[in-house]
Every structure is written in structure tokens, then in C-alpha cells.
Amino acid sequence: MTGGTPAVEVRGLAFAYPDGRQALYGVDLVVQPGERVALLGPNGAGKTTLVLHLNGILGPVSGGTGTGTVRIAGLELTREHLAGVRQRVGLVFQDPDDQLFMPTVRDDVAFGPANAGRGGDELAGGVGEALEGVGRLEHADRPPPHLSFGQRRRVAVATVLAMRPDVLVLDEPSSNLDPASRRELADILTGLDVTVLMVTHDLPYALQLCPRSVLLDDGRVVADGPTRDLLADRRLMSAHRLELPYGFDPLSVPGAQA
């Protein structure tokens, strides 16, 4: 997918934590609208650090340090544009309980849009649409702690979709899900009309959902290409401490994204 304004454009992004540990070294990343891209790499590679820059949780705009530029749908991430960028980038955390804190599911999903100034029929319609999109509309009036972990993860996705972002960022979306919940979430994600950036150690899930993968290690992009090709490259995988499940052959998986 080429041409037009990228959904995500990162240039020369470098960042060190306050303890002096350098997490990113001049990362470049371009994601086109509608792409689904997996961010792969061993623990400590810089994957989560990178995505936390996309809406200004980390970096100079939040009072931190670092160099480089981030643009979301052409809008450069600066303090002046921070609110606008955060409306365009939705981040789903690994633990859904980090995003669910209101008395009911409906209240949680409405929280972001209401604080963005939406109300009345617009707010109610957006909440219903987001919950219907993740198959949880029937749970709108239930307290989140009464739902299963997989159900709470889908509600967490709905809290982000209710903001109508251009880019959906997911941190380890398949972790702690049973096989059925994992499949149901995949069905939801593949049906969304939104750019998806997915941080994951679940390599078969990356192959299932993302035609393209970017491999980070030690704060640098070391590979970028079709997911199937990256996972089939045994030398590359071994060099960066990535291992496929026993017996899994990415070249033999029917229907995988290509």
C-alpha cells in the first residue's frame, strides 16, 4: 500500500529512559492507511517504547527527552497538536483492567468521547456502535469486573474505537486469551476499517492478522517485510531470539495474511 499521507510516519526516533538506558536508536517507520502491521522482537527490544511515542505518552511532548519526529495522518506530534494526535491514535493496553474503571461497561466506553465533548445522541450512538463492533452490546450495563478476561479485552477495544481513531495500537492483544476468545478477537480486528499496529510475541497471531511485520531489536529496526517471509527466515529469527511454536511452519499455513 503506497501513496498518499501515511497513517504513521516516524523519523529518526531516539529515546533514553531517565536511568540512562537507551531504548530507541533512530527508528524510522512508515505505515500506510489501512495496513495491519505487527511489531515483533524479543523482550526489551523497544516495541512498547515505540508505540508509547505515537500518542505522546513518552517523549518531549510529555516532558521527557528524545529526538526525532512522529506524524499521525500528517499531523506532527507537538505539544500544540497533542490533543489532536491522541484523538487519532487509540492505544489498547495489554491488561484491559488498566482501561476499565467505571461502574458499567457503557460508562467506560462513553468516558473518552464524553471528555472529548460529545454528548446526547452522538455519544449514545457512538457507544452503541463501538460495543456492537466488538460483540458486547448486551453487556453495556454490566460492571466490567463481572465479565471474563476475554470479554473485558473486547470492551477495552471498544473504549478506544468509540473515539473513532485513525490508528489502533494493540499491546499483546492475544495474551491470556483462550483459543475461542483469541479467534473472536481476530475476527473483530480483521473487520475494522482502521490502521492497526500490533505489538506481539504471538508469532502465529501476527501471521494470521498482519500481512507486514517490523522486527525491532536493541532499539533498532532490523527487518521489515511480509510477515510470512520474516517468520520463515530461520537465521533472522535465531539471531533475534524469536522462536515459532513447535511444529509451526509459516509457509504451510493456509489463508494466512500475505
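That block above? That's the structure.
A quick note: this is a predicted structure, and the numbers were derived from the prediction, not measured.

## Details of the pairing of strand E9 (residues 212–217)
Along any regular strand the residues' side chains alternate between the sheet's two faces.
Turning to step 1, where the next piece is worked out: Within E9, five of the six residues are buried, which leaves the element mostly enclosed by the surrounding structure.
Turning to step 2, where the next piece is worked out: Both strand E3 (residues 36–40) and E9 contribute to a ladder of four bridges, which runs parallel. Counted as the bridge partner of Val-37 is Arg-212 from E9.
Turning to step 3, where the next piece is worked out: Inspection of the sheet shows E9 paired to strand E10 (residues 220–226) by six bridges, in the antiparallel sense. By the bridge assignment for E10, Asp-217 is matched with Arg-220.
Turning to step 4, where the next piece is worked out: Linking E9 to E10, which pair antiparallel, is a turn of two residues; within it Asp-218 sits at a positive phi near 50°.

## Thoughts on unusual backbone geometry
Turning to step 1, where the next piece is worked out: Phi at Asp-218 takes a positive value of approximately 50°, unusual for a residue other than glycine.
Turning to step 2, where the next piece is worked out: With respect to the helices and strands, the residue Asp-218 is situated in the loop between E9 and E10.
Turning to step 3, where the next piece is worked out: Accessibility expressed as a relative area gives 46% for Asp-218, which makes it partly exposed.
Turning to step 4, where the next piece is worked out: One non-glycine residue with positive phi stands out, namely Arg-241, at about 55°.
Turning to step 5, where the next piece is worked out: Within the secondary structure, Arg-241 sits in the segment after helix H9 (234–239).

## Details of the sheet that holds strand E2 (residues 22–31)
Turning to step 1, where the next piece is worked out: Spatially, E2-E1-E4-E5 is the arrangement adopted by the four strands of the open sheet, whose pairing is antiparallel. This sheet does not close on itself; its edge strands, each paired only once, are E2 and strand E5 (75–76).
Turning to step 2, where the next piece is worked out: In terms of strand pairing, strand E1 (residues 8–16) meets strand E4 (residues 67–72) through five bridges, oriented antiparallel. Its bridge partner being in E4, Glu-9 is matched across the sheet by Arg-71.

About the criteria used
Residues numbered from 1 in each chain as written. Predicted model: local features only at pLDDT ≥ 70, side-chain atom pairs only at ≥ 80, totals over all residues. Heavy atoms only, no water. Buried < 20%, exposed > 50% of the residue type's maximum accessible area, 1.4 Å probe, protein only. Helix = DSSP H or I, 4+ residues; strand = E, 2+ residues; numbered from the N terminus. Pairing = 2+ DSSP bridges.

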